[in-house]
Amino acid sequence: MKLNSVERAMMNNPLRAAHQHRREAAWFRRLAGGDLAGQHVLEIGCGRGVGAEVILDRLGAQQVTAFDLDDSMVELARKRLHGRPVSLSVGDVNAISQPAASVDAVVDFGIIHHVPDWQGAIGEIARVLRPGGLLLFEEITRHALEWWAFRALTDHPRENRFEADEFAAELGRHGLHGTGTLEHRAGGALFVGAARKV
Ligand SMILES: C[S@@+](CC[C@H](N)C(=O)[O-])C[C@H]1O[C@@H](n2cnc3c(N)ncnc32)[C@H](O)[C@@H]1O
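Within any chain, residue numbers begin from 1 and follow the written order of that chain's sequence. Reporting in this predicted model follows two pLDDT cut-offs: at least 70 for local features of residues, and 80 or more for side-chain atom pairs to be given and counted; totals over whole chains, interfaces and linings ignore these cut-offs and use all residues. The basis for the side-chain values is all heavy atoms of the structure; hydrogens and waters are excluded.

Draft legend 1. Just the packing of helix H5 (residues 118-128) against helix H8 (residues 164-173), in detail. To get an axis, fit a line to the C-alpha atoms, keeping to the stretch in contact for a helix; angles then go from 0 to 180 degrees between the N-to-C directions. Secondary structure counts use DSSP, requiring at least four H or I residues in a row for a helix and at least two E residues in a row for a strand, with both numbered from the N terminus. Two elements in contact, H5 and H8, have axes separated by 10 Å at closest approach and are oriented at 45°. By the criterion of interaxial angle, the relationship of H5 to H8 is oblique. The chirality of how H5 crosses H8 is right-handed. In this structure, H5 uses Trp118, Gln119 and Ile122 to contact H8, whose residues at the interface are Glu166, Phe167, Glu170 and Leu171. In this classification, the charged set is Asp, Glu, Lys and Arg, the nonpolar set is Ala, Val, Leu, Ile, Met, Phe, Trp, Tyr, Cys and Pro, and all remaining amino acids, among them Gly, are polar. By residue class, the composition of the contact of H5 with H8 is four nonpolar, one polar and two charged. Angle categories: roughly parallel below 35 degrees, roughly antiparallel above 145, roughly perpendicular from 65 to 115, and oblique for all the rest. Each helix crossing is assigned a hand: it is left-handed if the near helix lies turned anticlockwise from the far helix by less than a right angle, otherwise right-handed if that turn is clockwise. Working rule for contacts: check all heavy atoms of both residues, and any pair within 4.5 Å makes them a contact.

Take a look at the structure:
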């Protein structure tokens, strides 16, 4: 599901970019147990491209493949990432156009809660990760999406949302196992974590 204008403004601004570069990069480095030097990383739902910058500049990846459902976001990412080792396309996390077992890591900066069939998205992520590959994720909980402000101001699927433990259980069903405790942030509205494909 694409962002409405309110959420688009919440995502596409310098404060969010600074938070991704400083705080979220540090969370992911710690959860990954270090950087992603030399790795081919897939970013799902890349938005305007700040996440790909973080993956290259803060996590040390060699190459990023990134896609988003929204062609206008991909166009912004193309401008931002011109000349960087990033391959961009319009795409759907429920049908990822990468071969099986082809990427070292997948990074999810808060997109799976936008996907109606989020369990299918996790299946696709598990398919494209190589054995031993790493998923880093930051997600929003069902109870946060039920808050008045989220419901009134943003567009998200209403049914079939998840709490952190349900998300972790679904990862396990696809052979993705947590590398540590899920961390709750923003008063429990967000959770972040990492899982490896066995
Ligand atoms: C909350 S925004 C996050 C954007 C970016 N990752 C960031 O952190 O700034 C969610 C993004 O997921 C994209 N998206 C939603 N459903 C998607 C899907 N099924 N496949 C790929 N991208 C999707 C939206 O277009 C949007 O850019």
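Draft legend 2. Summary view of the UniProt feature "domain: Methyltransferase type" (unreviewed entry) in the protein chain. The UniProt record annotates "domain: Methyltransferase type" (unreviewed entry) at residues 42-137. With 30% helix and 31% strand, residues 42-137 has end C-alpha atoms that lie 12 Å from one another. UniProt positions are given in the numbering used here, feature names are shortened, and annotations may be inferred rather than shown by experiment.

Draft legend 3. Just the environment of Gly188, in detail. In this fold, Gly188 is placed in the loop between strand E7 (183-185) and strand E8 (190-197). Taking the C-alpha atoms as reference, Gly188 lies 8.6 Å from Ile140; in sequence the two are 48 residues apart. Excluding anything up to four places from it in sequence, Gly188 contacts Thr141 and His143.

Draft legend 4. View of the site of the ligand. If you check the shell around the ligand, you find 22 residues, and the closest are Arg16, Gly45, Asp68, Asp92 and Val93. Separating a nitrogen atom of the ligand from a backbone N or O atom of Gly45 is a distance of 2.8 Å. Asp92 is positioned with one of its side-chain polar atoms (N or O) 3.0 Å from a nitrogen atom of the ligand. Calculation on the ligand without its partners gives an accessible area of 590 Å², and the protein chains cover 97% of this total. Of all the elements in the fold, those that place two or more residues in the shell around the ligand are helix H1 (5-11), helix H2 (14-32) and strand E2 (63-68). A class-by-class count of the residues in the shell around the ligand yields 10 nonpolar, six polar and six charged. Any residue with at least one heavy atom within 4 Å of a molecule or strand is counted as near it. N or O atoms within 3.5 Å of each other form a polar contact, as long as, within protein, one can give a hydrogen and the other can take it, and as long as residues adjacent in sequence are counted only when both atoms are side-chain atoms. Residue burial considers only the protein chains on display, and all accessible areas are found by Shrake-Rupley using a 1.4 Å probe.

Draft legend 5. Quick look at the environment of Asn160. As for its placement among the helices and strands, Asn160 is situated in the loop between helix H7 (148-153) and H8. Throughout this description, buried means an accessible area under 20% of the type-specific maximum (1.4 Å probe, protein chains only), exposed means over 50%, and partly exposed covers the range between. Its relative accessible area of 39% is what places Asn160 among the partly exposed residues. When the C-alpha positions of Asn160 and Asp117 are compared, they lie 8.0 Å apart, and in sequence the two are 43 residues distant. The residues touching Asn160, leaving out its near neighbours within four places in the chain, are Pro116, Trp118 and Gln119. A distance of 3.3 Å separates the side chain of Asn160 from the backbone oxygen of Pro116, its partner in a polar contact.

Draft legend 6. Representation of the packing of aromatic side chains in the model. In this analysis, rings of Phe, Tyr and Trp, with Trp reduced to its six-membered ring, are considered paired at centre separations within 6.5 Å, and the interplanar angle assigns stacked below 30 degrees, edge-to-face beyond 60, and tilted for intermediate values. Counted by the stated rule, this structure contains nine aromatic pairs. Ring geometry for Phe137 against Phe191: centres 6.1 Å apart, planes inclined by 70°, an arrangement best described as edge-to-face. Highlighted residues: Phe137 in strand E5 (residues 129-140) and Phe191 in strand E8, separated in sequence by 54 residues. Note on Phe137: relative accessible area 1%, which makes it buried. Note on Phe162 and Phe167: the rings are 5.0 Å apart at their centroids and 45° apart in plane angle, and the pair reads as tilted.

Draft legend 7. Region of interest: the side chain of Asp104. Mapping Asp104 onto the fold places it in strand E4 (residues 103-109). Side-chain polar atoms of Asp104 contact the backbone nitrogen of His40, separated by 2.7 Å. Sequence-distant contacts of Asp104, that is, excluding residues within four places in its chain, are made with Gln39, His40, Leu129, Arg130, Gly133 and Leu134.

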